[in-house]
Each structure stands twice: as structure tokens, then as C-alpha cells.
Amino acid sequence: MRTARALGALLLVAATLGACDGGTTATPTTSPSPSGSPEVLGPEPLAAEPTDCPMLATRIVDALQDWVDSFPTTTEPGEAPTATPDTDLPTLAGELAPLAADLGCDRDTMAPLVADALADLTAEGALQEAVADTLKADPLGSLDPSDPDAEVRPVTTGEELVTAIAEVGSGSTIELPDGPVDVDEPLVLLRPITITGTASSVVRSSADGAAFILSADGDVTLEQFEVVNLADAASGVVVSAGGFQLTDLVLRGARANASGAGGFGVVVLPSRGGLVRGGELATVERVRVEDATGGGVVLGGSSDPRVVDVTVVGPQDERVGCGLCWIGAASGTVVDATVTGWQVGLRIDEQASPVVEGGTVDDNAVGITMGGTGAPEIDGTTLAGNDTGVEAAGTVGGSLVGLVVTDARDVGVRITAGATPLVEDLEVGGSSSAGLAVVDDAAPDVRGGDLTIDGEVAAIWGGRATGSATGLAVHGSRIGLQVGDRAAPSLTDLTATDVGDVAMIATETAGGSLDGLVCDEDERGTVVLVEGAELDVRDAGDCEVVEQAVEEG
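Residues numbered from 1 in each chain as written. Predicted model: local features only at pLDDT ≥ 70, side-chain atom pairs only at ≥ 80, totals over all residues. Heavy atoms only, no water.

*Asks:* When you look at the nonpolar core in this model, what are you seeing that I'm missing?
*Replies:* Side chains of a nonpolar character, in soluble globular proteins, are inclined to be buried together. Residues Phe212, Leu222 and Trp461 are the most contacted members of the largest nonpolar core, which totals 102 residues. The element that contributes the greatest number of residues to this core is strand E7 (residues 209-229), accounting for eight residues. In contact with Leu222, not counting residues within four places along its chain, are Leu189, Ile195, Phe212, Leu214, Val237, Gln245, Leu246, Thr247 and Leu249. Counting residues in hydrophobic clusters, the runner-up holds 17 residues, among them Cys53, Leu96, Cys105 and Ala117. (Core = buried A, V, L, I, M, F, W, Y, C linked by side-chain atoms within 4.5 Å. Buried < 20%, exposed > 50% of the residue type's maximum accessible area, 1.4 Å probe, protein only. Helix = DSSP H or I, 4+ residues; strand = E, 2+ residues; numbered from the N terminus. Contact = heavy atoms within 4.5 Å.)

As C-alpha cells, then:
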């Protein structure tokens, strides 16, 4: 059992019983919600007004149970774990205090009654358990129910670390020793404190769920130490509420079980109203994640952190999970990330709309996927050795600007479904079967760019794709440009030189328009219109336009 000091919710007990001892009770206007949210809620009407002291004790603990239940129950991304308490505790305290006085329920009478009722307090998950344990520790306030003064507390063992987290006040610093400390329960931080170490400090956690869970009304800082997960289903650091600053950390060994629980280095959880923050900070800087089987850094809800100079390396034996992952309506900025060895390097889903600046994304099955309905902005990122460099799908918008994609084994950039991103100054080089593929109902706006590959076709439009391409140059492939199926893009001022066979081909049923093309000056400088093609060739420059009959049989 943690020996945590009483939280703000204990004011319900203290204020109610204070009236019995001649004290006075002030009624705040806001609820002490677990995340510091200033939501104002009126209390539920009492189903039955307490008529004796045992009923009063039960009413008090019922309200505390409601408060515990409002905390997240999971450390997994993709959930909606946060609920709003039905009862405003300070307001309820103001109502029960005079009733306690009328019933003659003094402190000595209520102490054993409340303690007995608190024994039935239930909790689900590590965070709720930490809150419930705090309430059970001393419900009548013989431990100071106020936040203790800040202090600097060195620790030398895992047991001392658990005790320090439970006891120190807001603004305190806990100093880790050189070398390892071992813990077997999640370290739940309910107050804004700092935990700092040295280059050789290691927290080895055998706890299920997560090594660290942050849910403070204020900013929690974790800096300069290593976290090693030893459990079969656990993540490194989970932020469920509050501000956070994660700096100079190394997170290793987060494992997912067969049902997919756990396995993430850093998780910022989504919630029903977005990430509820009582702090100022939201930064992840110089953090390295290794050998996590679920994912590296997962951002959800309405979180909008600044992530700088992080390195996320996938498991050595297989490519699984995502290196940097956004879900919900997450946004924020990522600068100079290094992402390698995942099923998906950067995965952007649902309404997520982050800004990604620079960085390298190498040796993943897919370098970047953009899905859902968001508008992410990817600027200046280098992608090398991925099976597919970038895939944009769904109805995603946003922009891909200044990307450099090399040696994508399949496609450099694939834009599919109904995606409509801006693609500007794209560079694709090396060995790829296609540099740019626009298919299905996609309609991107392609501006500038250079596709120099040794594959089959540099740029292809298929399906019912539309959109436009202006100023794009293609080189090296067997076919420079291809419009097929019922695609109908608007192509303006393109260049297709140093190609293997033909500059451009439009297959039967293909539409759209061509207005300006620079070709080779020999037989390769040809635009082939297969019989039935409806491409409107307005200006082919000096390129030869050839109509080709459909071969029967």
C-alpha cells in the first residue's frame, strides 16, 4: 500500500467533519478534478439524505468512488479513458457539513466508519489504484492533507523511489542513483515533480501496464536516465494528464502481449475531451526508444507536444508497429527525428495533423503513412531504403514539401483513395518501380519536383485519379509519364527526358489534359495515345504525338 499523503478529494472528508469540531467550511467554485480541469459541475441530488452517521460515511465514500472512477483505467493508446465525475466534491462537502453537525457525527465517531467504508473502494488499473490508495492512506487527515513543501530527495533503491513519489510535494526533485533501481509496480506521478538521474541511472520495471504513469495537475519532468521494461505487457512512459517534459531518456524493451497490450516507448493518451492538461509543458527531447514491439512514441487525443531530436529504433528481429504514431486529433511539431526499422515509420491517422520538420526515416516497410481526414505537414524529411516511401490515403490533405526519397523498393510516393495533399519539390531517386503513383480517387496538387529512377515508370496516374501536376521533371525510367484507367489529371509544363522508351503514354479511356512537355530529341521523345484515350493534348512542345491502335486478342 502506498503511503501517499491525502489529495484534494480528502477535503470532502475534512470539511464535512470540520463542522462537527467547530470548524468552518468554504465552498470552492470549481471541482478538484484529477487533471486540474476547471469544469464546474453541480452535485447529484441525494437519493436519500443520510439519517445517521453510518449513512453519512457511506455517502462520503460513494462520492470518493465516483472521483476515483473518473481517472483513466488503461495505459493503451486508442482508448477514451477519462470520464467526468458526477459529483462536485467541495459543493457536496458544503452540503454534508451542517448535516454532520445536526446528526452529532463527530470526528471520533466518523473515523472508524469512514475507514471501514473506504475498504470497499474499488479501482481499475494502476492510476486508479494509486488514487484509491492515497484516499485510504489516512482519510481523516492525520497526515497533512495539504501539498507538502518542495524538497530535493535522493534515493538509492526502488523502494525508496516508490516512497518518494508518494510523499514529496509539488515542485520537488527526486534524484536517482548511479546504476539500477528495481521496481515492481507502476510509478504513478500525481503531483508536478522532477525525477532526474545521471548517464548511468536505470529504472528497471517489472510492472505490468507501464513503468511510469503521469497524471499531475502541473508539469512533470523526467530527465537523464534509462527505463527498462521487464514485464510481458508494458510501456515505458504513459502520460494520461498534465504537462510533461521528457528529456535525455532512453527507453528499452517495451513488450506487447498476444492481445496487443503494452509495447510502446512513450504514450500520450487520448481522452474524451482531448488531453486534459493542467500544466504548461508538452515536450519530448533527446529521447531514444529501442526494441519496443508496439511503437516508439504514440500521441493521441488533442495532444500537441514539441518532439525534438528523438530516435526510435524498431525491434531487431522483425519490423512491427510504428515509430512515431499520431491518432485522434493529435498535432504538435516533430523536429529532426530519426526513425528506423518499423512496419511504419511515421503513422498519421484519424484527424491528426502534426507538423514534421526534417529528420530521417529509413529501412521501414512504409516510411510515412497519412490516412484519415487530417492535414499533416511534412517538410524536408529524407526517406531511404523503405519498401514504400510515403503513402497518403483516406481523405487526408496537408502537404509534402521538399521530401527526398531514395531507393524505395516499391514506390517512392503513393497517393490513393481520396487524398488531396500538396506535393511540392519532391525528389525521388534510385531503384523504385515507380517514383510517384496517383491512383483511385486521389487528387493531389503536384508542384515542381524531380523523379529520377531506374524503374518502370517515373510518374503514373490510374484509377479515377485527378488533381494536377505543374513543373514536374522525370528521368531515367523506361516510361516517363503514364495516364491510365479513367484518370484525368491536368498536366502542365512537364519534362520527360533521358527515359528508356517513351516520354509519355495515355492508355485507352484515360482523360485529362497536357499543356506543355519537354522531351528527348530522338525516338524516345514520343507521346503515345492508345486508341480510345481522351487525353487533351494542348501543347506537346517538340515531342512527337503518336496514336496507337489497340491490339486485338
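Moving on from the coordinates now.
*Asks:* What exactly am I supposed to notice about the state of the cysteines here?
*Replies:* By definition, a disulfide is the covalent link that joins the sulfur atoms of two cysteine residues. Tallied over the full model, the rule gives three disulfides. Across the disulfide, Cys519 is cross-linked to Cys543 (sulfur-sulfur distance 1.9 Å). One quick way to see it: the torsion about the S-S bond of Cys519 and Cys543 is about 105 degrees, and its sign makes the bridge right-handed. Of this pair, Cys519 sits in strand E39 (residues 513-519) while Cys543 sits in the loop between strand E41 (536-539) and strand E42 (544-548), placing them 24 residues apart in sequence. In this structure, Cys519 and Cys543 share a single accessibility class: buried. Sequence-ordered numbering of the bonded cysteines in the protein chain yields a pairing of 1-2, 3-4, 5-6. (Disulfide = S-S within 2.5 Å.)

*Asks:* Got a minute to help me understand the confidence of the model for the protein chain in this structure?
*Replies:* Low-confidence regions, as indicated by low pLDDT, have predicted coordinates that should not be scrutinised in detail. Confidence in the prediction for the protein chain averages 84 pLDDT; 81% of positions are at 70 or higher. Contacts for the low-pLDDT stretch residues 79-83, under 50 throughout, to residues beyond four places or in other chains number 15 contacts. Low pLDDT, under 50, characterises residues 270-277; the predicted model gives this stretch 31 contacts beyond four residues in sequence or across chains. (pLDDT = per-residue confidence, 0-100.)

*Asks:* What should I look at first to understand the pairing of strand E40 (residues 526-530) in this one?
*Replies:* Side-chain positions along a regular strand alternate between the two faces of the sheet. Taken across its five residues, E40 has five buried, putting it largely inside the fold. Residues of E40 alternate between two faces, with Thr526, Val528 and Val530 on one and Val527 and Leu529 on the opposite face, all of them buried. The sheet contact formed by strand E38 (residues 502-506) and E40 spans three bridges and is parallel. Following the sheet pairing, Ala506 is matched in E40 by Leu529. Pairing between E40 and E42: five bridges, direction parallel. When the bridges of E42 are listed, Val527 appears paired with Val545. (Pairing = 2+ DSSP bridges.)

*Asks:* Could you clarify how one ought to interpret the side chain of Arg414 in this entry?
*Replies:* Turning to its location among the elements, Arg414 is positioned in strand E27 (residues 411-415). Side chain to side chain, Arg414 and Asp410 meet in a polar contact 3.0 Å long. (Polar contact = N/O pair within 3.5 Å; in protein donor to acceptor, adjacent residues only side chain to side chain.)

*Asks:* What am I meant to see in unusual backbone geometry here?
*Replies:* Glycine aside, residues mostly have negative phi, and peptide bonds are mostly found in the trans state. Positive phi, normally seen in glycine, also occurs at Asp248, with a value near 55 degrees. Within the fold, Asp248 resides in strand E8 (residues 234-252). With a relative accessible area of 30%, Asp248 lands in the partly exposed category. In this structure, Asp309 is a non-glycine residue whose phi angle is positive, near 55 degrees. Its place among the elements puts Asp309 in the loop between strand E13 (306-308) and strand E14 (311-313). Residue Asp309 is classed as partly exposed on the basis of its relative accessible area, which comes to 40%.

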